[in-house]
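One-letter residues, chain by chain:
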Amino acid sequence: MSSGVSRAEQCVVACAEAWRGDGEILASPMGVVPTLGARLAKLTFAPDLLLTDGEALLTADVPALGAKAQAVEGWLPFRRHLALVSGGKRHVMMGASQLDRHGNQNISCIGDWKRPSRQLLGVRGAPVNTLNHPVSYWIPRHSPRVLVERVDMVCGVGYDRAAAAGPSAARFHGIRCVVTDLAVLDFETPGRTLRVRSLHPGVTAGQLQAATGFALPVPDGTPHTRTPTAAELRLIREVLDPAGLREREVRA
């Protein structure tokens, strides 16, 4: 890791980049690091992003983690949130207990769904999210148990299944990126399968492959994920997360 930047801080700026260019759209981050990423993006290169307090208010300011917003610019009850979800005007960054090379996500169970060995969150809103607006994923522990050849149950819909379902399923479907504690991945290949966009500083191709449950080539010349600027580091450390909660989610 370069010049005092922690892996968690590297991941925050990688998550922030997921919302670059989105314009006036609702950012829905899930997890500490994605939340910091969305707030960092709002304070820097994506000022038009809409942020919520996690419940029913659109916030005009960008508070630190755990602090209440002091300026509210709108009311977003659940019924109105659903309207945004169904029209492509939201970009959510979800987690994944399992994710395959096509972008199919599982957060429901491990093992045969008829008799699973582990019960997880359940399908929740993952199918609606992936079929109706842009989605990205955050994986704080890149491992072969998470990056798998085949998910045990499909919750979030991947590119192969969206294409098979036809135009109605693929209209708003799009998985922008997958940020892990080792790399940034995307689906910008002819077959819409995972590829390595960048490696975090200090991570080798061998480490990434050993932590992945399927072949994930790292071409020569693959760049490193950009490091936070001095201004971004100040915002992360002094404004958004002075308590250092980010370091509990990513350990490197």
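Further up the page is the structure itself.
The structure contained in this document is the topic of the report that follows. (Residues numbered from 1 in each chain as written. Predicted model: local features only at pLDDT ≥ 70, side-chain atom pairs only at ≥ 80, totals over all residues. Heavy atoms only, no water.)

1. With respect to the environment of Gly166
Part 1 of the argument: Mapped onto the elements of the fold, Gly166 is located in the loop between helix H5 (159-165) and helix H6 (167-170).
Part 2 of the argument: Considered as a pair, Gly166 and Val203 are 37 residues apart in the sequence and their alpha carbons are 38 Å apart. (Helix = DSSP H or I, 4+ residues; strand = E, 2+ residues; numbered from the N terminus.)

2. Some points on the sheet that holds strand S2 (residues 51-52)
Part 1 of the argument: Spatially, 3 strands are ordered S2-S3-S4 in an open sheet, and the strand pairing comes out antiparallel. With one partner strand each, in any of the chains shown, S2 and strand S4 (72-75) form the two edges of the open sheet.
Part 2 of the argument: Direction of pairing for strand S3 (residues 57-59) relative to S4: antiparallel, over a ladder of 3 bridges. Paired with Leu58 across the strands is Gly74, a residue of S4. (Pairing = 2+ DSSP bridges.)

3. Focus on the pattern of salt bridges
Part 1 of the argument: Applying the stated criterion to the full structure yields 12 salt bridges.
Part 2 of the argument: The salt bridge involving Glu188 is made with Arg192; its shortest N-O contact spans 3.4 Å.
Part 3 of the argument: Note on Glu188: relative accessible area 49%, which makes it partly exposed.
Part 4 of the argument: Arg192 gets classed as partly exposed once you look at its relative accessible area, which sits at 32%.
Part 5 of the argument: Residue Asp241 is joined to Arg246 by a salt bridge in which the shortest nitrogen-to-oxygen separation is 2.9 Å.
Part 6 of the argument: Overall, Asp241 belongs to the buried group, its relative accessible area being 2%. (Salt bridge = Lys/Arg side-chain N within 4 Å of Asp/Glu carboxyl O. Buried < 20%, exposed > 50% of the residue type's maximum accessible area, 1.4 Å probe, protein only.)

4. A few points about the environment of Val203
Part 1 of the argument: Counting through the fold element by element, Val203 comes out in the loop between strand S13 (195-199) and helix H7 (205-210).
Part 2 of the argument: Placed 47 residues apart in sequence, Val203 and Gly156 show a C-alpha to C-alpha distance of 28 Å.
Part 3 of the argument: In this structure Val203 touches Arg7 and Leu182, once residues within four positions along its chain are discounted. (Contact = heavy atoms within 4.5 Å.)

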